[in-house]
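Architecture and fold: a report
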Amino acid sequence: RILLVATHAPTVRNSRELLEETAARLGTRISIAEAVAEAAFECLGRGDIAEHDRTIAQAVREAAARESFDRVVLAQISMSLFKLTYPQPERVFGVPVLTSGEEGFRQIRRLLRGHG
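Read on for an overview of the structure. On a predicted model such as this, the values are computed, not experimentally measured, just so you know.

Now for the sheet that holds strand β3 (residues 71-74). By definition, the strands of a sheet pair up through backbone hydrogen bonds, in either a parallel or an antiparallel sense. Spatially, β2-β1-β3-β4 is the arrangement adopted by the four strands of the open sheet, whose pairing is parallel. The open sheet has two free edges, formed respectively by β2 (32-36) and β4 (97-99), since each of these has just one partner strand. Across the sheet, the mean angle separating the axes of adjacent strands is 25 degrees when strand polarity is ignored. With three bridges connecting them, β3 and β4 associate as parallel partners. By the bridge assignment, L74 is partnered in β4 with T99. Those strands touched by helix α1 (residues 10-26) are β1 (2-6), β2 and β3, and its axis lies near 150 degrees from that of β1.

Here T7 lies in the loop between β1 and α1. Taking the relative accessible area as the measure of exposure, T7 reaches 1% and is therefore buried. Residue contacts for T7: discarding those within four places in its chain leaves A37, E38, A40, F41, H52, I56, Q76 and M79.

It is worth spelling out the packing of helix α2 (residues 38-46) against helix α3 (residues 49-66) at this point. With their axes 8 Å apart at the nearest point, α2 and α3 run at an angle of 170 degrees to one another. For the element pair α2 / α3, the angle class is roughly antiparallel. Here A39, A40, C43 and L44 of α2 come into contact with α3, specifically with I49, E51, H52, T55 and I56. For the contact of α2 with α3, the class distribution of residues is six nonpolar, two polar and one charged.

Calculation criteria
Counting of residues starts from 1 at the beginning of each chain's written sequence and follows it residue by residue. Confidence filtering applies because this is a predicted model: local features only for residues at pLDDT of at least 70, side-chain atom pairs given and counted only at 80 or more, and all residues used for totals across whole chains, interfaces and linings. Side-chain metrics in this entry use all non-hydrogen atoms of the structure; hydrogen atoms and water are not considered. Pairing between two strands is assigned when DSSP locates at least 2 bridges connecting them. In DSSP terms, a helix is any run of H or I states spanning at least four residues, a strand is any run of E spanning at least two, and both are numbered starting from the N terminus. Lines fitted to C-alpha atoms define the axes, with helix axes restricted to the stretch in contact, and inter-axis angles between N-to-C directions lie between 0 and 180 degrees. Here, residues are in contact when the closest pair of their heavy atoms is within 4.5 Å. With a 1.4 Å probe rolled over the protein chains alone, any residue whose accessible area is under 20% of its type maximum counts as buried; one over 50% counts as exposed, and the rest are partly exposed. Convention used here: angles under 35 degrees read as roughly parallel, angles over 145 as roughly antiparallel, angles from 65 to 115 as roughly perpendicular, and any remaining angle as oblique. Three classes are used, and their members are as follows: Ala, Val, Leu, Ile, Met, Phe, Trp, Tyr, Cys and Pro are nonpolar, Asp, Glu, Lys and Arg are charged, and the others, Gly among them, are polar.

Structural data, given as structure tokens:
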């Protein structure tokens, strides 16, 4: 069970499709719930990273109060900032929180090491 969080609603559909395509390719079954924290997008636009992160955290907490999740996926690379405020999100939220920035750069590092 995955909670997909976005700060910009149009991102949700593409991110959902990417998660579903990846799961299908890996032969894994997933279910996805969605949360949109538009206010966080506005905070980021003003340069208020602390409020951006608090708003995302609140969206995660509200969704988790309704149902349980195995993972949280933050949909946009700009949301990777969240890990600066919550460097150990598993301790705060009880589940891993994945960001495209962090996971993407890990994958690039694996690829480069494999070819270098």
